[in-house]
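Descriptive analysis of the structure
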Amino acid sequence: MKITGINVRQVEVPLKEPFRISLGVITHSRSAIVSVETDEGLVGYGEGAPAILITGESLSGTTDVIKAFEKDLIGTDPTDLEKVYWIMDRAAAHSGCAKAAVDMACYDLLGKKSGLPVYKLLGGHQNFMETDITVGIDTPEIMAAKAKKHVEAGFDTIKTKVGTSFAEDLARVKAIREAVGDDVKIRIDANQAWSAKEAVRLIERLNEYNLELVEQPVAYHDIAGLEYVTKHSIVPIMSDESCFNAKDALRLVERRAIDYLNIKLMKCGGIREALKINAICESAGIEVMLGCMAEESNLGITAAASLGAATKNITRADLDATFSLTDLPFKGGMYVEDTKKLVLPEVPGFGFIGFEE
Ligand code: MG
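Residues numbered from 1 in each chain as written. Predicted model: local features only at pLDDT ≥ 70, side-chain atom pairs only at ≥ 80, totals over all residues. Heavy atoms only, no water.

**Side note on the nonpolar core**
Ranked by size, the top nonpolar core spans 116 residues in total, and within it L73, I188, W194, L261, I277 and L319 carry the most contacts. At 10 residues, the largest contribution of residues to this core is made by helix α4 (residues 96-114). When sequence neighbours within four positions are dropped, the list of residues in contact with I188 reads T160, V162, V173, W194, L206, L211, L213, V214 and E215. (Core = buried A, V, L, I, M, F, W, Y, C linked by side-chain atoms within 4.5 Å. Buried < 20%, exposed > 50% of the residue type's maximum accessible area, 1.4 Å probe, protein only. Helix = DSSP H or I, 4+ residues; strand = E, 2+ residues; numbered from the N terminus. Contact = heavy atoms within 4.5 Å.)

**Digging into the coordination of the magnesium ion**
Looking at the magnesium ion, the protein donor atoms are D189 (OD), E215 (OE) and D240 (OD), and they sit 2.1 to 2.3 Å from it. Within one chain, the residues donating to the magnesium ion are spaced in sequence as D-x25-E-x24-D. On the criterion of sequence distance, the pair formed by D189 in strand β7 (residues 185-189) and E215 in strand β8 (residues 213-215) is long-range, its members being 26 residues apart. Residue classification places E215 among the buried positions, given a relative accessible area of 0%. (Donors = N, O, S within 2.8 Å, 3.2 Å for Na, K, Ca; no water.)

**Observations concerning the environment of E204**
Relative to the helices and strands, E204 resides in helix α8 (residues 196-206). Along the backbone, E204 and I234 are 30 residues apart, and their C-alpha atoms lie at a distance of 7.2 Å.

**Considerations on the side chain of D189**
Its relative accessible area of 0% is what places D189 among the buried residues. Polar contacts involving the side chain of D189 include one to the side chain of K161, which spans 2.8 Å. Those residues in contact with D189, other than ones at most four positions away along the chain, are K159, T160, K161, V162, E215 and Q216. (Polar contact = N/O pair within 3.5 Å; in protein donor to acceptor, adjacent residues only side chain to side chain.)

**Considerations on the packing of aromatic side chains**
In total, this model carries five aromatic pairs according to the counting rule given. Taken together, a centroid distance of 5.6 Å and an interplanar angle of 85 degrees make the contact between F155 and F323 edge-to-face. Here F155, found in the loop between α6 (140-153) and β6 (157-161), pairs with F323, found in the loop between β12 (314-318) and β13 (330-332); they are 168 residues apart in sequence, far enough to count as distant. Since its relative accessible area comes to 22%, F323 is described here as partly exposed. Considering the side-chain rings of F350 and F352, the 5.3 Å spacing of their centres and the 35 degrees angle between planes classify their relative orientation as tilted. F352 matches F350 in its accessibility class, with the two residues each being buried. Taken together through their ring pairs, the aromatic side chains of Y45, F330, F350, F352 and F355 make up a single cluster. Here R9 stacks its cationic end above the ring of F355, 3.8 Å away from the centre of that ring. Directly above the ring of Y260 sits R316, whose terminal nitrogen or CZ lies 4.3 Å from the centroid. (Phe/Tyr/Trp six-rings, centres within 6.5 Å; stacked < 30°, edge-to-face > 60°. Lys NZ or Arg CZ within 6 Å of the ring centre and 35° of its normal.)

Pasting the structure below:
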């Protein structure tokens, strides 16, 4: 099988409401949806959803990079994943979103060609992932009301964004804990808002309300600070923005700068690199969460859920982006059962069907 062309379509879907994190506000899902065409008539689909606040990438830039890959990839067998990845890495540095889109489409083709769902190709540990749901930054009252509604709907883990001021964050976490009761897990994400010493102090106070974990307390580049927080915090610490690829993961693991790690396909460039990150973590006894960008649609979420379901060391999922969309741009892929369970269909590839017209 050979790649004959790569088409890119830019898709924009408004979120049901603006989503605020400590770094800024997100109002739309914007992604480049690729279809990789082959000489055998099979088409693979993938998505690159640039999150400019996190990765610095834009939709037009992502589209340009995918177009730049096209000329080098034509004639290549899309199921030769190592070769595809090598070609992309030589053509462009970084560019996780563009690489993730093509990587996803090639895994879709590998599944279609072999007749297996991607979650089975990746290990087949199970065929579903249970996700948390995230509450964006707002007043404590509004955040508590949203958290309560999610728990009543069936979610058992609330991820809440924090990182404005200590008094506000404390009020937020207190209000959410009081609204959801003791049995619900609360994980918090500061998106780099704190200094290391500040983080240790704040986490101790916030843990009065029993936190499951804290995501990215300090600036992404402050690895010494992250290590300090991990060594001094009673609550487990998870990296997000501090780890884009396997090299970052190795550095964090060597220093024992984290307790857990959050993989996102849009940061690392797709499933192939994500498997390497997970292998490093698993070898060190560090569990992984599979996260997503707020900009992703059901294509990216399906790919991430497939990897998470397939892999035993990926024990947590923060794959809630599609719940915030006013519309799903694409038919097929994962479906939701019992509110929080993302189930992978028993069809070859990811089970994508095509655009909603
Ligand atoms: Mg995060």
